[in-house]
Amino acid sequence: MRATARIRATRAGNTTVLPTLAGDGPFDLRRARPHGDQARVCILGVMSAPLGGDRLRIEATAEPGAHLHITTAAATIALRGPTTAHATYDVHLTVAEHASLHWLPQPLISAARSNLRQSCTIDLAPTARLLLREQIVLGRAGEPPGRLATRLTVHRDGRPLLDQHTMYGPEAPGWDGPAIAAGHRAIGQTLIIDPALDRHPPQARLLGDDPATGQAVLTPLAGPAVLVTALAPDTLQLDRLLEAAYAIR
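Keep in mind it's a predicted model, so treat the numbers as computed, not measured.

Caption draft 1: Fine view of the overall build of the chain. Each helix and strand counted, the chain has 1 helix and 18 strands in total. For the chain, the C-alpha radius of gyration of 18 Å lies close to 18 Å, the compact-globule estimate for 249 residues. Reported as C-alpha extents along the three principal axes, the dimensions of the chain are approximately 50 × 45 × 30 Å. The proportion of buried residues among the 249 residues of the chain is 48%. Partitioning the contacts of the chain with sequence separation of at least 6, the portion at a separation of at least 24 is 69%. With the model as given, the accessible surface of the chain reaches about 11,800 Å², and the carbon-plus-sulfur share is 51%. Treating the 25 positive side-chain charges of the chain as one cloud and the 22 negative ones as another, the clouds have centres 4 Å apart.

If you want it as structure tokens, here you go:
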């Protein structure tokens, strides 16, 4: 299956409108209640996806001065499907001058024997703001994860700000060791990019006293940005760590 969802937000007076809101395949796009001048979109999955061999893509653009918030209605589950070929799930986000975009999907679950390559590519104008939150669950209850490769690439003003590539599951050396998952099954991160951070840069900080129950680290990036990365045994503890780090950024 090949499917693409397209979202375009533009400024209209004192609010943000959605002149483009189109999805096919598993993507059903719904307008949610706006919050102030921020338009909100919820992506519903109307069929099982991604399955092996699927090619899925989401494109979202916040035009100058627009404010856009995107979430999903439920977790995305990567499944094997009728073929062992890998699936792709590509997200492309573009944020123009004085615009903001919140990308806050529900977790991605890598089920046993699945094979998914997920990417998120972001292009930001110098005055754009971004809030991105990603969560991964490695396997459903009582099962190992499938093959999962993720890549997050961020450019600001045409220059690279972050390029992160991680692999999990079978054939990914050391994925369960201390350098990556450290035995945990819930992994998440929050990326905040805001020109205001140039004036008030955060300090690096470790959250969580016990590695067995999860920890998070807040890391300033070389730019007006901060990255929070967390590991935890489950999504409940992962949420707590990410929320705590976001509150003190």
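Caption draft 2: How the structure looks around helix H1 (residues 235-247). Taking 1.5 Å as the rise per residue, H1 with 13 residues should run 18 Å; its terminal C-alpha atoms sit 18 Å apart, in good agreement. Those residues of H1 that sit buried are Gln237, Leu238, Leu241, Leu242 and Ala245. Around the axis of H1, the buried residues are gathered within 135 degrees of arc, so they sit on the same side. Projecting away from the buried face of H1 at angles above 90 degrees are the exposed residues Leu236, Arg240 and Ala247. On the buried face of H1, the contacting elements are strand S12 (129-138), strand S15 (186-193), strand S16 (205-207), strand S17 (215-220) and strand S18 (225-232). In this structure Asp234 caps H1, since a side-chain oxygen of it lies 3.2 Å from the backbone nitrogen of Leu236.

Parameters at a glance
- Residues numbered from 1 in each chain as written.
- Predicted model: local features only at pLDDT ≥ 70, side-chain atom pairs only at ≥ 80, totals over all residues.
- Heavy atoms only, no water.
- Helix = DSSP H or I, 4+ residues; strand = E, 2+ residues; numbered from the N terminus.
- Rg over C-alpha atoms; globule rule 2.2 N^0.38 Å.
- Buried < 20%, exposed > 50% of the residue type's maximum accessible area, 1.4 Å probe, protein only.
- Contact = heavy atoms within 4.5 Å.
- Areas by Shrake-Rupley, 256 points an atom, 1.4 Å probe, with all protein chains shown as cover.
- Lys, Arg positive; Asp, Glu negative; His and termini not counted.
- Charge placed at Lys NZ, Arg CZ, Asp CG, Glu CD.
- Expected span 1.5 Å × (residues − 1).
- Arc of directions from axis to C-beta.
- Polar contact = N/O pair within 3.5 Å; in protein donor to acceptor, adjacent residues only side chain to side chain.

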